[in-house]
Protein chains: 2
Amino acid sequence: MDQLKPSLANSCPLTPLTFLERAAIAYGEIPSIIYNATTYTWSQTHRRCQQLASSIQSLGIGRGHVVSVVAPNTPAMYELHFAVPMTGAILNTINTRLDARMISVLLQHSESKLVFVDKQFQSNVIQAIKRFPPESQSPTLVLIADNEVSISSNPSSSTTLDFTQNYEDLVEKGDPEFKWVRPESEQDPMTLNYTSGTTSSPKGVVHSHRSIFIITINSLIDWSVPKHPVYLWTLPMFHSNGWSFSWGMAAVGGTNICLRKFDVPFVYHSIRAHSVTHMCGAPVILNMLSKSNSPTHRLKTPVHFLTGGAPPPTAVLLRVESLGFVVSHGYGFTEAAGVVVSCAWKPSWDRLNAEERARLKSRQGVRTIGVTELDVVDTESGKSVNRDGATVGEVVLRGGSMMLGYWKDPAGTSECIKSNGWLYTGDVGVIYPDGYLEIRDRLKDVIVSGGENVCSLEVERVLHGNEAVEEAAVVARPDEFWGETVCAFLSLKGGVPGLEERDVVEFCRERLPHYMVPKTVVFMDDLPKTSTGKIQKVALREIAKSLGSLPSRAR
Amino acid sequence: MDQLKPSLANSCPLTPLTFLERAAIAYGEIPSIIYNATTYTWSQTHRRCQQLASSIQSLGIGRGHVVSVVAPNTPAMYELHFAVPMTGAILNTINTRLDARMISVLLQHSESKLVFVDKQFQSNVIQAIKRFPPESQSPTLVLIADNEVSISSNPSSSTTLDFTQNYEDLVEKGDPEFKWVRPESEQDPMTLNYTSGTTSSPKGVVHSHRSIFIITINSLIDWSVPKHPVYLWTLPMFHSNGWSFSWGMAAVGGTNICLRKFDVPFVYHSIRAHSVTHMCGAPVILNMLSKSNSPTHRLKTPVHFLTGGAPPPTAVLLRVESLGFVVSHGYGFTEAAGVVVSCAWKPSWDRLNAEERARLKSRQGVRTIGVTELDVVDTESGKSVNRDGATVGEVVLRGGSMMLGYWKDPAGTSECIKSNGWLYTGDVGVIYPDGYLEIRDRLKDVIVSGGENVCSLEVERVLHGNEAVEEAAVVARPDEFWGETVCAFLSLKGGVPGLEERDVVEFCRERLPHYMVPKTVVFMDDLPKTSTGKIQKVALREIAKSLGSLPSRAR
């Protein structure tokens, strides 16, 4: 069987970049991008990316270099998803909600050579560069001027002189016949995404060309995306590369409706104007869309909405479904490159009542077809937990879309990808007898009280059931006797008569086992949040710690 | 960047076998297979495959062994597509139309250890085994009894004693908790398919788990197969593994409608009875379906039909489209594991007239998204030909679904997969300025007359345009002066007044350049065909050669 070794003909590197030149032929005349008054076709997008890549290369960028982008969901942001890796470089999209200090940390940590900056964020990025140590090498800055819109926020004291390059100039002067740089190995790095939510050292998730190829086709099949979808970019592309749909749209000849910022009336306007068929976003986006009472917001044709990050609340789900959205619920994270578990819907569930349907849909579900294995294990022993819907354990995965590792962080990498060949998610969940996964908490958010595991999400779900509660989060409060006890932080809805601590405790006692009931309740006007809108449990944990051990009289 | 090496978490082998256990969870209650009065769900199919694989392993089968199957499109045939590779063995499905002599050659060449035989073919296989040399080891035989149907053809003199195992017994006694054998490398061989059409040494195409994974998801996306399709098995599964849809149906929770033989009324009955949504087949299948005049055969809902092997003739295309079939045209071959080029349809083409639409659809098209590169090159120099729709060259491809090579045939492998990393298809084609590929001929069927390349398909298309012609094939006739000349073989339609040689020549002169016009016309009652219904050009070429060089008076 000597002749049956892999050859260059069949082991040529998998990469989603091949989708673009194909799109130029198969979908050449179909709109690739619509953004206000600008429309491009796939043949134009291919040509522009070729030209842009050629110009990026001529700035000295090549294999293994990091190129950063600070931009909203504009055509430039989309084009850079192809043009940067087409030079062999690594695409690093940065959360636009970060402040100059954090952007500076990331640009330095990534050793970015070139930074593309939308004009809205030029002041922020210049401030970030000013924070570089004097001896360090600053990256080259390219301004994305975006003449479609005028930006109110002025670049303050900084001048555009810091920008030595202009985006449209780079596109214009590039070579449309550029021979793009194919990866030498499909495991060559292609993207670098910093995950948010921590104030500790930056975690830069690196994915390979193979990983992005696999997550892209995985997600198209899992969501049953047909040819020529019209995709509205409500999900920021810097969030785990838009869950891979930036490349996915090229594979199926979709039309990308670009969007500078999320705005409910404009979203409904865009859906109508462009006959949008698909969109993605966190449940908070669904929540905002659900609050519309305008009769013009009832959808003429169904819009497929893929949500993840947290299960959509039942009430929200029912409201948006009645407006005409078809909601799919998936589970993913940056280390997996996108959605790797999804709540595959069973036809027999259609016959259930709305509450029951919403409960089933709130489960994360089944691994998607690009994932090789999924399990829930005891973190210490690595043994699978019982599939009884009750025994919690850590969710672990393996599959082609798992990250290569964290950028310049071997210790962090080997903590996440263990030597047994599993990626440990840090999420705690259960598997039901029917094989469906449900996430119960972040591992670090689990409260261990008197030897019992309390999943913070379960307590929070109960608290959210109280009509006076606007926001709720529970964390561990250190306790000499119990080890930890449950400490709840609440903000209340305006206009609702205030709750008191004992009301909350009473409310929970009726709905939860005793050990899960909060022993402490702290009221706040607003809970502290990260730049992406997640409640900062780290900060709450600090507050809970500062309360000290609970005095024994309170028990 | 030391930490950014691939790990077991992300480089675990790609294999379509993971689709099955997922289907048991995500689609557990959905019908997987319907065959006459038998229906299985995905949870049952998973269990049956587990049990079957466990029993196959207990017969001593493991990694690298070949297991053959001689069966029509029954549930057993489907299950073996999973169960055999789940033991680490290589699945070898054999064309049921082959005679005992050829089956014997293949079983010996593949060194098959175990052969599953449908009762319809038991006599054939026993005859095949009897042809083994006396000293050689015979494979173990398993009878697939299929109690659903009674088979008229008796097993003649042979007895069922030759069959030491029975299919349903193996399923029944197997372990449903079997730990299936995962490939050690994704490049481990998974399938072995002998290509038909040649009388020379057998060509056994070997594909890896990676290759089958890639072609499967590639084909689902290219054909936009949604969740829960109802797939009617008109295409034999032994044809390039049913173009990958055997595994594809598990990925999307489809229902496989199994079919012992192709029969037009039964196909229309099945479409109605099961609300079929998808089917595949050669143009001859479309042709047979198109001849139906029964008003009950008009489809209630569209049926997506994927065809390949040859472009569907315009008249056939128009007829089946009017019945309600939505036809897609692809190009593939066993060495590429399935459809790797397809005629991506452009919305603007909808406005063209029927003839023009059919002409565009008859082009093979654009590489599918799993293919890395496609080109048409000069076979000698390897240089790309002009993309002018006129300059012919050999079609070459590279991509993850290309075969590992031919079984025990290093010379054949390196003739097909050249050291430059391209797979040479042996097909001659052109690329149009819009980037679409059109196949013009098999390389070996091109006639070189006076230094000009004559593509046999172009001449045949003109001959088919003559209403008296039933079948037409042209091959080279050796010629002292021109090197080769065009020699046409024709069979005529019954009832049509006979053509004469000069009529044919006259007809072609009006429609073709002089050098392409047949210099010789041979009339036959039927043209010789292979077991799969292809016209045997090898035999025709022998006849043409026996005519000798054309005497100069005939010019």
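Here, the structure is the one placed above.
What comes next concerns the included structure. (Residues numbered from 1 in each chain as written. Chains lettered and ligands numbered in written order. Predicted model: local features only at pLDDT ≥ 70, side-chain atom pairs only at ≥ 80, totals over all residues. Heavy atoms only, no water.)

### Brief notes about the interface of chain A and chain B
Argument step 1. Taken together, the contact pairs 74 residues of chain A with 73 residues of chain B.
Argument step 2. Buried surface at the junction of chain A and chain B, both sides included, amounts to about 5600 Å², of which 59% is carbon and sulfur.
Argument step 3. Of the charged contacts in the structure, one is a salt bridge between E373 of chain A and R182 of chain B, with a shortest N-O distance of 3.4 Å.
Argument step 4. Here chain A is connected to chain B by 24 residue pairs in polar contact (both at pLDDT 80 or more).
Argument step 5. At the level of secondary structure, the elements contributing two or more residues to the side of chain A that touches chain B comprise α1 (18–26), α7 (209–222), α9 (245–252), β16 (366–367), β17 (371–377), β18 (393–399), β19 (405–406) and α14 (410–416) of chain A.
Argument step 6. Examining the composition of the side of chain A that touches chain B, we find that seven residues originate from one element, α7 of chain A, more than from any other.
Argument step 7. Looking at the side of chain A that touches chain B, its residues break down into 39 nonpolar, 19 polar and 16 charged. (Contact = heavy atoms within 4.5 Å. Buried area = accessible area lost by both parts, 1.4 Å probe. Salt bridge = Lys/Arg side-chain N within 4 Å of Asp/Glu carboxyl O. Polar contact = N/O pair within 3.5 Å; in protein donor to acceptor, adjacent residues only side chain to side chain. Helix = DSSP H or I, 4+ residues; strand = E, 2+ residues; numbered from the N terminus. Nonpolar A, V, L, I, M, F, W, Y, C, P; charged D, E, K, R; others polar.)

### So, the relation of the copies chain A and chain B
Argument step 1. Each copy superposes on the other: chain A lies on chain B with an RMSD of 0.1 Å after a rotation of 180° and an axial shift of 0.0 Å. Taken together, the rotation and translation describe the operation of a two-fold axis. Residue I221 of chain A, judged by its C-alpha, is the member of chain A lying nearest the rotation axis, at 3.3 Å.
Argument step 2. In this assembly, 99% of the residues forming the interface of chain A have copies in chain B that are likewise at the interface, indicating an isologous arrangement. (Least-squares fit on C-alpha atoms with pLDDT ≥ 70 in both.)

### Structural notes on the sheet that holds strand β20 (residues 423–431) of chain B
All names here are of chain B.
Argument step 1. The antiparallel open sheet is built from four strands, whose spatial order is β17-β18-β20-β21. Each end of this open sheet is capped by a strand with a single partner; those strands are β17 (371–377) and β21 (437–442). Adjacent strand axes in the sheet meet at a mean angle of 45° when their direction is disregarded.
Argument step 2. Judged from the five bridges that link them, β20 and β21 form a sheet pairing that is antiparallel. Among the inter-strand pairings, G429 is bridged to a residue of β21, identified as I439. (Pairing = 2+ DSSP bridges. Axes fitted to C-alpha atoms, helices over the stretch in contact; angles between N-to-C directions.)

### Some points on the pairing of strand β20 (residues 423–431) of chain A
All names here are of chain A.
Argument step 1. Counting buried positions along β20 yields nine of nine residues, so the element is predominantly enclosed.
Argument step 2. Residues L423, T425, D427, G429 and I431 point to one face of β20 and Y424, G426, V428 and V430 to the other, with burial holding for every one of them.
Argument step 3. In terms of strand pairing, β18 meets β20 through four bridges, oriented antiparallel. Across the sheet, the residue bridging to G393 is G429, located in β20.
Argument step 4. From the end of β20 to the start of strand β21 (residues 437–442), which pair antiparallel, there are five residues, and G435 there has a positive phi angle of about 90°. (Buried < 20%, exposed > 50% of the residue type's maximum accessible area, 1.4 Å probe, protein only.)

### Re the pattern of salt bridges
Argument step 1. In this structure the tally under the stated criterion is 52 salt bridges over all chains.
Argument step 2. For R511 of chain A, the salt bridge identified is with E510 of chain A, shortest N-O distance 3.4 Å.
Argument step 3. When its relative accessible area of 44% is taken as the criterion, R511 of chain A is described as partly exposed.
Argument step 4. Sharing partners across several salt bridges, the network here consists of E21 and R182 of chain A together with R367, E373 and R398 of chain B.

### Here we look at helix α1 (residues 18–26) of chain B
Argument step 1. In terms of residue burial, α1 of chain B counts as a mostly covered element, since seven of its nine residues are buried.
Argument step 2. Inspection of α1 of chain B places T18, F19, L20, R22, A23, A24 and A26 of chain B among the buried residues, and these make up the whole buried set.

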